[in-house]
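Structure assessment
Spelled out from the first residue to the last, the chains are:
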Amino acid sequence: MVRPTQIMRSGGGGEVGKYGLWMGGWGNFGGQKQKGVNSYALSSNRQRPLAGTLNAAIFNVWRRFSHQVLYFAPPLIIAYSAMHWAIERNEYLNSKEGRLEFDESEE
């Protein structure tokens with residue numbers, strides 16, 4: 001008696017229902033055929049996959065930016081102002097005038 005191979009047991013061919021094989025080959029699940037399923041297709045040379053993409057992209061980017069700008073612009077401006085103030089203050093404190101001003105107060 002010939003035993004079925006591992007490939008046959010895993011759905012690699014043979015008759016459905018025999019040898020412990022309950023699924024058919026690729027795409028054939030052994031069930032009843034479906035009825036009432038319609039599929040429609042459009043010829044590939046009639047499709048325009050990028051129709052209006054550039055126009056929609058520009059307006060979509062502007063719409064998303066305008067809705068988000070008030071969330072990220074104020075913190076960005078505040079952080080930039082604080083960093084600018086800190087740099088200016090550091091440069092002043094390390095200058096000759098800054099050292100003279102604060103050197104006298106420490107003694």
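Residues numbered from 1 in each chain as written. Predicted model: local features only at pLDDT ≥ 70, side-chain atom pairs only at ≥ 80, totals over all residues. Heavy atoms only, no water.

**Notes on the overall build of the protein**
Here is the rule we go by: Secondary structure is summarised from DSSP: a helix means a run of H or I of at least four residues, a strand means a run of E of at least two, and numbering begins at the N terminus for each. Buried means the residue's accessible area, taken with a 1.4 Å probe over protein chains only, is under 20% of the maximum for its type, while exposed means over 50%, and partly exposed covers the values in between. Each accessible area is a Shrake-Rupley estimate made with a 1.4 Å probe; only the visible protein chains count as cover when residues are assessed.
Each helix and strand counted, the protein has 3 helices and 0 strands in total. Along the protein, helices (α) and strands (β) appear in the sequence α-α-α when read from the amino end. Looking at the 107 residues of the protein, the share that counts as buried comes to 6%. Accessible surface for the protein amounts to roughly 10,600 Å². Of this, 60% is attributable to carbon and sulfur atoms.

**A word on the packing of aromatic side chains**
Heads up, the condition is: Here is the rule: rings of Phe, Tyr and Trp (six-membered ring for Trp) pair when centre to centre is within 6.5 Å. Planes less than 30 degrees apart are stacked, more than 60 are edge-to-face, and the remainder are tilted.
The final tally for this structure, using the stated rule, is 2 aromatic pairs. Grouped by ring-pair contacts, the aromatic residues Trp-62, Phe-65 and Phe-72 constitute a single cluster.

**Here we look at the confidence of the model for the protein**
Where the model shows low pLDDT, its predicted coordinates should not be examined in detail. Which entries qualify depends on this criterion: pLDDT expresses, on a scale from 0 to 100, how confident the predictor is about each individual residue.
With 64% of its residues at a pLDDT of at least 70, the protein reaches an overall mean of 78. The least confident element of the protein is helix α1 (residues 6-9), whose mean pLDDT is 57; the most confident is helix α2 (residues 53-93), at 95.

**Focus: a nonpolar patch on the surface**
To keep it simple, the criterion reads: Here, patches come from residues exposed beyond 30% relative accessible area and free of salt bridges, joined within 9 Å for like charges and within 5 Å for nonpolar side chains (Val, Leu, Ile, Met, Phe, Trp, Tyr). Here, a salt bridge means any side-chain nitrogen of Lys or Arg that lies within 4 Å of a carboxyl oxygen of Asp or Glu.
Where nonpolar side chains cluster on the molecular surface, the patch consists of Trp-62, Phe-65, Phe-72 and Leu-76 and spans about 460 Å² of accessible area. Tracing the chain through its elements places Trp-62 in helix α2.

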